[in-house]
Amino acid sequence: MRIGVVTFPGSLDDTDAARAVRYAGARPVPLWHADRDLRGVDAVILPGGFSYGDYLRCGAIARFSPVMAELIPAARAGLPVLGICNGFQILCEAHLLPGALTRNAGLRFLHVNVRLTVSNGRTPWTAGLPVGDLLTVPVKNGEGAFVADEATLDELERAGQVVVRYADGAPNGSARDIAGICNTDGNVVGLMPHPEHAIDPLTGPSSDGLGFFTAIVRGSDPPYPPARDPARPIAETAIVSGARDRANRQRASGEAL
Amino acid sequence: MSGEDTVEVAAATPEVQQPFKELGLTTDEYQKVRDILGRRPTAAELALYSVMWSEHCSYKSSKVHLRNLAPNADQARYLLAGIGANAGVVDIGQGYAVTFKIESHNHPSFVEPHQGAATGIGGIVRDILAMGARPVAVMDALRFGPADAHDTARVLPGVVSGISFYGNCLGLPNIGGELAFDPSYAGNPLVNALCVGVMRHDDLKAAVATGTGNKVILFGSRTGPDGVGGASVLASATFGGAEQDSTAGDGGGRAAKRPSVQVGDPFMEKLLVECCLELFAADLVEGIQDLGAAGVACATTELSAGGDGGMFVDMDAIPLRDPSLTPAEILMSESQERMMAVVKPERVAAFMDICRRWDVEATVIGEVTGDGMLTMTWRGGTVVKIPPRTAADGPVYQRPFARPDSLDALLTAGPEGLVRPAGGQALRETVLTLLGSPGLADKRWVTQQYDSLVRGNTVLAMPEDSGLVRVAEETGLGIALATDGNGRYCTLDPCQGTQLALAEAYRNVAMTGAVPVAVTNCLNFGSPEDPGVMWQLAEAVRGLAEGCQALGIPVTGGNVSLYNQTGATAIHPTPVIGVLGVHDDVRRRLRAGFTADGAEVVLLGTTRDEFGGSAWAEVAHQHLGGRPPAVDLDAERRLAALIVAAASGSVLASAHDLSDGGLAIALAEACLHGGHGCAVALPGDAFTALFSESAGRALVSVAVGREKEFAALCAEHDVPATVLGITAGDALTVENAFQIPLTELESTWSGTLPAIFG
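Quick caveat, the model's predicted, so the values are computed rather than measured. (Residues numbered from 1 in each chain as written. Chains lettered and ligands numbered in written order. Predicted model: local features only at pLDDT ≥ 70, side-chain atom pairs only at ≥ 80, totals over all residues.)

1. Brief notes about the interface of chain B and chain A
- Contact residues are listed per partner, giving 22 residues for chain B and 22 residues for chain A.
- Within the residue set of the side of chain B that touches chain A, elements represented by two or more residues are α8 (152-170), α10 (266-281) and β14 (458-460) of chain B.
- Residue composition of the side of chain B that touches chain A, grouped by class: 8 nonpolar, 9 polar and 5 charged. (Contact = placed C-beta atoms within 7 Å. Helix = DSSP H or I, 4+ residues; strand = E, 2+ residues; numbered from the N terminus. Nonpolar A, V, L, I, M, F, W, Y, C, P; charged D, E, K, R; others polar.)

This is the structure:
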C-alpha cells in the first residue's frame, strides 16, 4: 500500500508521519504542496507543523495550495485522508471537516501526553481499534481547541463522527472533549493528538498510535477508491474531475488573497 | 552624512567629526581605524568596524584567555573542525559527524523577552546550518531573578514563549536545558541557547570566499531596520538600570529611532534550513556564512577574511524592507533569517532554482575578487574599501585582572555555623522545602510549552539528566547533551565552580549510558573593564581548560557574553558548560526514574560534609559563603565509565546524577519520574547524607538479579558503592527518619511554578 504524506512549506511532522507509515508496513510517498499530483496513492496524510507559518489562520493558506486542488475532490470521492494537528486544521479550512480549531484554553502552546477514548472504530483510520479503548498519545499545539456550533456538535455525536475523545477532559478547551472527528462518509479523519509520535515507546509515550496506521494498511483489501492515477485520463474519473473543477474555481478565487 | 560619504569624500575631509563613541568604539580604536585606512573611515566603514570590533563579535577582552582552550592532540582526536569555525565538528562514528554550540542572547531577552529569546534560537540554528549540518535539536539554559520578583513575571514567561514560538514553529525538538533563579540575574537574565546538528563527514562546509569570479549570494529574509547596533551597543555594554528601554543609535549618528532587538520569523527560518540542506546536497555551495550579529558587515568580512582574495559587493542589489536605510544601517542590520553563500557562476542558476522551490528570495550581490580588499559600492560611489582581515581580527586587549579583595570575607563566612535540621520531622520538612523551591521544583510549566518530539528521534528529554537523540535508526547510534552551570559555586571559586559545571554536564551525559566526547561553553560574566570580573573570567577559562585536559575531551567552540551587570553590580560569574556524548545504542539508554519495585538502590561516589554554595544553604538560610564542593575529575571519569559499562550490559534499571539538593532531591526525583517509591537507610549523619552536594556521585537502581555483577563492576572501576535499600511502594521512606507519600512529593514539587506564573 502507498500512502502519500504532503509537505507544505512549514510542515514539520512529515518525516514522522512517513516513519509511522513505514512502521505499519506501507510505503510512504512524499507529496509536494506545489504539485497538482497525488501520484496514485491509496491514502493521504496531512502532517503536523506550521504550514505557511500559521499566517492568517492555521491551515488557511495551505488549503489553497495546488496539491489540495487534487486532494479535496479525491477526498470527497472517498480517498482516505488523515489530517494530524495542522493537517486537521487544514481539513477544516478546506471544509472537508466541519468546525474549526482555535487557541488553547490556556492561551499557551501545550505539549502533554493524553489518554484518548476511541468512539468510532469504523473509519479506515480506526478500523479494528475497539470502541472505548484507551490510547496514550501526545498532543502538542497552540490552536487545538475544537469548536463548532451546538447543532453541528449534536449532529457529529448523533452521526458517530466523533472519532476520539480526551478521556480525562480536554487539556485545551476542546468542545465536548473532542480530539478527532471524521466526515459523514468516514474516510476523512482529523486528529489533534499525534499518533505518529506514539509508534515506539523508545521515542514516544507508547506505541498506541501505531493502530491508526495499521488500520488503514489492514483495511486496504476492500479497496477505497484510489486517487486518480496520473497515467489515466481525467475523463475516467468524472466525479473526481467535476469536484476538482469546483476546487479549482475556489482556488482561483483564493489566490486573490 | 549619508550615501555621499564615499571613500573619496572621506579622504578629502579628514576633519569631519564622526560619532564613533555612540557606536561603541573608543578613541584609541577609532584612531587605529584611521591608521589602517590612512584616512578617516566613511560612515559605512565606521559602522562596519564598530560592529566587528565590538566585544560581542571580536572577543577582544576574552581572546587572550580563550587561547588556553585549544585542545591538545589527544583531546582533538575526534575533531573534524575546531574552534574558529562557526562551530566545532566531532566525529561520532559510522560516517556521522556532529556539530553543536551554545550562544547567549541575554541583553535582547531582557529588553524584549519574547523576540530576544526567539531570535537567540534562530541565530544558533543558523550557526549550525552554516557548518553543513541538519539542525536536529535545541536546548536552553535560562537564569532569572527570584521567581517571585516583579520583573521575573515579565521576563520569564516572555522568554519561554519566545523559545516555544520559534523552536516549535521551526520544527526542532527542545530536549533539555536549565532553569535557575538568583537575585544576581534580576536585572540581567541569562538566555543561552544550544543547537546540535548532524551531518555526514563529507558534508562539512567552510565559511570562506574563495575563487575569483565566484558569486556572492544573499538569501533569505530582506534586510530591514531591526537590530541595528545590536552587537555593538546592546550586547557589548552594561545596563545602567534606568536605560532599560534601550535603543541604539544608527550609523549616521541621528537620533535613535528603532528598537535594537531583532524580530524573528521561524517560518522563514524553516524554509531557509530546508533550502540550505538541498543546496548542500546538490553541492552548489563553495562557502557559506550565517548572518547573525553584525549582519552583512560580519558575513562579508568573515567570508573574505577567511578566503584567499577580496570581495566586491554592490549594496544597491541588497533587497531591503525599508528603502530609506543608509549603507551604514544596511551593514549593521541584524535582520534575522539571512544567509550568504559563495557560488560558482555556472551553478548560480541551479542555486536560484532551489531557492525558488522553497520560496526563498536570493540575490547575487557581489563576487569574489583577487585584490584582497573588501569593496562596496552604493548609488555609484565606493562606500567601503578595507582590508577585510583588519575588521575580522579586531583588537586584542590584555585587560588588567585581580582577585577581588571581597572574596576572602565570602570564603571565611562558610556554612558551618548555619543551623541544621535535626530529627526525622525537621529533615522531612527540609526535603519538602527544597523540593518545592523554584530552582528545584517541577519545570513542566516551562517544558510543556516546548515540542520535544518533532522529527521522531528524541529518546530522552527533560526532566531526564540529559537529552538523547537518535542519529541512525538502523544502528541505534545517538547523541546525548547536557548543559550545566552554577553561578553560586563560581562566585566562591570561578575555577573550581567551572570544573564543577563541567563535571556535572559530563556526569549527566554519562547517566544515559553515553560516552562524553566534547565540550562547548557559554561564558556569562560582568564587565571586562572590572579587574575582578576579568579575574573570574581568567580563572573560569583556566578551570575549563585544565578540566577538559583531565577528562581528555576537547572544547569545540563557545561564546563569551560580557557586560552582564546592572550598574556596578555584576551577575554571578556563570560559565554554562555543554557536554556532548555518543551513545552506541539508544535502545539501551538509562533513565533517571525508578522503573520497577524490588530493585536495589545504590549510591555511587563519596559523600563529604560539603555545603558551601549549596541549595540547602540558599533555600534554608539565603546563605552564600565558604568553599564549593571539591572536584575529583579522575573520580568523575571512573564513575562515567562505570555507568557506560553497566548500561551497555543492561545491568542497571536507572541512573540519576546527584547535584543541587544532593541525595534528597535525587531520591525524590527518581521516585517521581519513575512512579515508584523506595525505602532506604542512610549511612552516617542523616543531614549530610541527604543534602550534601559532594560531586562525582550518582543514584542508581540495579536490574533485579544483576546485583553481584554490578558490585563487581563498581570494584573494577574503583567507584565506592553504598547499598541504600530497595525500590518499593508509593512513598519515599528513609528509615529511622521519615516517610513522604509520592502524592505529597508530587504536589509539593509540581505546584510551585504554576502558583507563581499561572
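2. Points about the sheet that holds strand β23 (residues 652-657) of chain B
Residue and element names in this part refer to chain B.
- With mixed pairing, the 7 strands of this open sheet are ordered in space as β23-β25-β22-β26-β24-β27-β28. The outermost strands of the open sheet, each flanked by one partner alone, are β23 and β28 (738-741). Averaged over all neighbouring strand pairs, the angle between strand axes comes to 20 degrees, with direction disregarded. (Pairing = 2+ DSSP bridges. Axes fitted to C-alpha atoms, helices over the stretch in contact; angles between N-to-C directions.)

3. Comments concerning the nonpolar core
- By size, the foremost hydrophobic cluster in this structure holds 333 residues, and its most contacted members are Val-44 of chain A together with Ala-47, Met-52, Ile-643, Leu-652, Leu-667 and Ala-668 of chain B.
- Sorting elements by how many residues they give to this core places helix α19 (residues 494-511) of chain B first, with 10 residues.
- Here Ala-668 of chain B is in contact with Val-431, Leu-435, Leu-732, Leu-745 and Trp-749 of chain B, once residues within four sequence places are set aside. (Core = buried A, V, L, I, M, F, W, Y, C linked by C-beta atoms within 7 Å. Buried ≥ 20, exposed ≤ 12 C-beta atoms within 10 Å, placed from the backbone.)

4. A look at the sheet that holds strand β17 (residues 515-524) of chain B
Residue and element names in this part refer to chain B.
- Across the sheet, 6 strands lie side by side as β14-β15-β16-β21-β17-β18; this open sheet has mixed pairing. In this open sheet, the two edge strands, each paired with only one partner strand, are β14 and β18 (555-561). Across the sheet, the mean angle from the axis of one strand to that of its neighbour is 20 degrees, orientation sign disregarded.
- Sheet analysis places β17 next to strand β21 (residues 574-583), joined by 9 bridges and oriented antiparallel.

5. Concerning helix α20 (residues 531-551) of chain B
- Given a rise of 1.5 Å per residue, 21 residues ought to cover 30 Å, and the 30 Å separating the end C-alpha atoms of α20 of chain B matches this to within 8%.
- Immediately downstream of α20 of chain B, the backbone of Gly-552 of chain B shows phi near 75 degrees, a positive value. (Expected span 1.5 Å × (residues − 1).)

6. What about unusual backbone geometry?
- The omega angle of the peptide bond from Met-462 of chain B to Pro-463 of chain B is 10 degrees, so this bond is cis rather than trans.
- You can see Pro-463 of chain B is positioned in the loop between β14 and β15 (467-470).
- With phi around 55 degrees, Cys-85 of chain A is a residue other than glycine that occupies positive phi space.
- With respect to the helices and strands, the residue Cys-85 of chain A is situated in the loop between β4 (81-84) and α3 (86-93).
- Accessibility expressed as a C-beta count within 10 Å gives 29 for Cys-85 of chain A, which makes it buried.

7. Observations regarding the environment of Pro-205 of chain A
- Residue placement: Pro-205 of chain A occurs in the loop between β11 (188-191) and α5 (210-218).
- Sequence-wise, Pro-205 of chain A and Val-112 of chain A are 93 residues apart; in three dimensions their C-alpha atoms are separated by 9.9 Å.

8. With respect to the pairing of strand β10 (residues 338-343) of chain B
Residues and elements named next belong to chain B.
- Where burial is concerned, most of β10 is hidden: 6 out of the 6 residues are buried.
- Where burial is concerned, the two faces of β10 agree: the one with Arg-338, Met-340 and Val-342 and the one with Met-339, Ala-341 and Val-343 are both buried.
- Bridge analysis of strand β7 (residues 215-220) against β10 gives 6 bridges, and the strand direction is antiparallel. If you follow Gly-220 over to β10, its bridge partner there is Arg-338.
- Pairing geometry for strand β8 (residues 287-290) and β10, over 4 bridges, is antiparallel. Residue Gln-289 lies in a different strand from β10, and its bridge partner there is Met-340.

9. A few points about helix α23 (residues 662-674) of chain B
- A rise of 1.5 Å per residue sets the reference length of α23 of chain B, with its 13 residues, at 18 Å; its end C-alpha atoms lie 18 Å apart and thus fit the reference within 8%.
- Phi for Gly-675 of chain B, located one or two positions after α23 of chain B, is positive at around 75 degrees.

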